[in-house]
Amino acid sequence: MPPSWRSSHRRLNRGYTARASATRTVDSSGARQPDDALMNPGTRTILGTLLRGHRTRLVSLAGVSLAGGLAEAVFLVILTRAAFAITNGKDEIGTLAGVKFSVAGTVLLALALVLFRIGTAVTANALNATLNAQVTRALRQRLARTFLRATWPAQQASRTGQLQELVMNYAHAGASLVGGVSATLIAGGSLVALLALATAVDPIGSLIAIVTLVLLGVLLRPLRRAVHQRARAAADDGMALSLATSEISSLGMVVHVFDVRDAVEQRLTDLQATGVHSSRRLALSRGMVPALYTGLAYLALVGAVALASVWNTATLTSLGAVMLVMLRSLGYGQQLQLAYASMSSAMPHVIDVFAEVERYQANEFIDHGDPVHRVCPLRLDHVSFHYTPGQPVLHDITAEFDRRELVGIVGPSGSGKSTLVQVLLGLRQPVEGRVLADGHDIRTLRHSDWARKVTFVPQAPVLVSGTIAHNIRFYRDGIDDAAVEAAARAAGLHDEVMAFPDGYEHQVGDKGGNLSGGQQQRLCIARALAGHPEVLILDEPTNHL
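Residues numbered from 1 in each chain as written. Predicted model: local features only at pLDDT ≥ 70, side-chain atom pairs only at ≥ 80, totals over all residues. Heavy atoms only, no water.

## As for the overall build of the protein chain
Item 1. Each helix and strand in the protein chain was counted, giving 16 helices and ten strands.
Item 2. Taking as baseline every contact in the protein chain between residues at least 6 positions apart, the subset at least 24 positions apart corresponds to 78%.
Item 3. For the protein chain, the exposed surface amounts to about 28200 Å²; the carbon and sulfur share of it is 59%. (Helix = DSSP H or I, 4+ residues; strand = E, 2+ residues; numbered from the N terminus. Contact = heavy atoms within 4.5 Å. Areas by Shrake-Rupley, 256 points an atom, 1.4 Å probe, with all protein chains shown as cover.)

Take a look at the structure:
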């Protein structure tokens, strides 16, 4: 509490037990896995969520691809006819859509079709790039928003570095997944247009091409399944390495003090080796898709030529045009296979992101209580709390704190002091009993009001990149410069701040590296005092002073 004229010292030692860790379900990578089936959204649900609001862009992408594919198909047909006409010494290629075309006119039409095809390709690429960027941004925003709006226990359950890995790397997988959808639309639209025109020229040859594409898809299905399974393993191994790296980077001096650099290096080396192995298996599986597809496609072309020669159903001109169309169709079919492989690789990462989003949403903090008029007297009324049923951390705690009191709470390590602080701050709810503020259960009060009137100074200073003033203000726009300076004076920091050439605009550095330990601690005290709280809770505030 704020400095007082009366001090009291109380020892709350009854009912404390060692804090037990909450039970968690983990997979091989150490990442939490949801117990509820709702936490594992299916592919269609994920795609529907990612693509929500982008229907117009998707329809435009499909339409542009279809138009571009049709232009390409017409180009191949008329170019083939023009080539045969020139070879045979003719001035015309024949009738196309009821119109006779000369060779010169055909060349000009082919040039126009090429330019149109380039235009559609550029347009499709722009639509695809915009879609991917917007999906990545939306997924990152959704993940960050649901995390920040989740309850403190739900946030605390996240492992160190996991949120960063999900936001920075796994969110890119959402773009890859949507990119696969876009590639499917682009290749699919072009493929449909090519096969439609080929059917008009030579129905038998087109039927062979369609059957070939279907058979290739069926034959490559086991390989696509292997890609998905290996992508799951690679995602798990990647998350394990990221979490370990984040954990080790936070150890800092401790690694040197205990001289365990070799062991730490070996741990990272082992995780990296595992990640390289799973990534190699994934890359091998994905690389096999186009290799096998190309070989099988060429075999299918040989078969198509053989059948055409046996059946003798097409003229040389139409056969040449259909062969070109079939080659391009098989090429687009290969793009479809690659798009599917890319989506299979991205899906495990996106599932993990959505699982975390669902967990945060299931634990969303909703602030709809009554206004807080007064905090004191602040009373613990038979408060009990546990993390694991049957293993109480706080048991039947009763105490009262009034204005202008300075109260010390002591107890051995693991006795529940930090848990009691979280209960007083409203971050955790008692399983039994109540916390009363001026006679009102704080569970019925508005948390935003409570956070302004009851604040906290942690044992270890927590600073963000920016200036001293920014760290004291700490995202609270209502605190002006005068309040910042007044808080720094109250914390005994002002004179040291003014010793810096840039004063309150002095950069604190990464994790406060430009300040001494005592300056960091006083800055955190100033941050707490800047909002003029009624109650100030300090966790060993003189630890660095």
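## A word on helix α1 (residues 43-50)
Item 1. Burial in α1 covers these residues: Ile46, Leu47, Thr49 and Leu50. Along the axis of α1, the buried positions cluster into a sector of 160°, meaning they face one direction only. (Buried < 20%, exposed > 50% of the residue type's maximum accessible area, 1.4 Å probe, protein only. Arc of directions from axis to C-beta.)

## With respect to the pattern of salt bridges
Item 1. This structure, assessed with the given rule, holds eleven salt bridges.
Item 2. Linking Asp481 and Arg473 is a salt bridge whose minimum nitrogen-to-oxygen distance equals 2.6 Å.
Item 3. Bridged by salt links that share partners, the residues Arg446, Asp449 and Arg452 form one connected network. (Salt bridge = Lys/Arg side-chain N within 4 Å of Asp/Glu carboxyl O.)

## Description of the nonpolar core
Item 1. Ile46, Leu50, Leu143, Leu177, Val350 and Val353 are the most contacted members of the largest nonpolar core, which totals 31 residues.
Item 2. Of all elements in the fold, only α1, α3 (103-148), α5 (162-201), α7 (221-249) and α10 (316-362) reach the threshold of two or more residues within this core.
Item 3. Apart from the residues within four sequence positions on either side, Val350 is in contact with Ile46, Leu50, Ala173, Gly174 and Leu177.
Item 4. Core analysis: the second largest hydrophobic core is formed by 26 residues, Val372, Leu378, Leu380 and Leu425 among them. (Core = buried A, V, L, I, M, F, W, Y, C linked by side-chain atoms within 4.5 Å.)

## Quick look at unusual backbone geometry
Apart from glycine, the bulk of residues carry a negative phi angle, and the bulk of peptide bonds sit in the trans form.
Item 1. A cis amide bond links Cys376 to the next residue, Pro377, at an omega of 0°.
Item 2. Mapped onto the elements of the fold, Pro377 is located in the loop between α10 and β4 (378-388).
Item 3. Phi angles above zero are rare outside glycine, and His382 is one such case at about 55°.
Item 4. Mapping His382 onto the fold places it in strand β4.
Item 5. Positive phi is not limited to glycine here, since Asp438 has a value of about 55°.
Item 6. Relative to the assigned elements, Asp438 resides in the loop between β7 (432-437) and β8 (440-441).

## Details of helix α14 (residues 481-490)
Item 1. Among all positions in α14, only Ala483, Val484, Ala487 and Ala488 are buried. Taken down its axis, α14 places every buried residue within 135° of arc, on the same side. Residues Asp481, Ala482 and Ala490 are exposed on α14 and point more than 90 degrees away from its buried face.
Item 2. Backbone geometry just downstream of α14 places Gly492 in the positive-phi region, at approximately 70°.

## Topic: the environment of Gln521
Item 1. Tracing the backbone shows Gln521 in helix α16 (residues 517-529).
Item 2. Classification of Gln521 as buried rests on a relative accessible area of 0%.
Item 3. Taking the C-alpha atoms as reference points, Gln521 and Ala491, 30 residues apart in sequence, are found 9.2 Å from one another.

## Considering the side chain of Arg473
Item 1. As for its position among the elements, Arg473 is in helix α13 (residues 468-473).
Item 2. Reaching out from Arg473, the side chain makes a polar contact with the side chain of Asp481 at a distance of 2.6 Å.
Item 3. Setting aside anything within four residues of it in sequence, one finds Arg473 in contact with Ile479, Asp480, Asp481 and Val484. (Polar contact = N/O pair within 3.5 Å; in protein donor to acceptor, adjacent residues only side chain to side chain.)

## Things to note about the confidence of the model for the protein chain
Item 1. Counting all residues, the mean pLDDT for the protein chain is 77, and 78% of those residues have values of 70 or more.
Item 2. This stretch, residues 1-41, has a pLDDT under 50; its non-local contacts, to residues over four places away or in other chains, come to 102 contacts. (pLDDT = per-residue confidence, 0-100.)

## Observations regarding the packing of aromatic side chains
Item 1. For the coordinates displayed, the defined rule picks out three aromatic pairs.
Item 2. Seen from their ring centres, Phe474 and Tyr475 are 5.3 Å apart, and the 70° between their planes marks the pair as edge-to-face.
Item 3. For Phe474, a relative accessible area of 30% translates into the label partly exposed.
Item 4. Positioned above the aromatic ring of Phe474, the side-chain terminus of Arg527 is 4.3 Å from the ring centre. (Phe/Tyr/Trp six-rings, centres within 6.5 Å; stacked < 30°, edge-to-face > 60°. Lys NZ or Arg CZ within 6 Å of the ring centre and 35° of its normal.)

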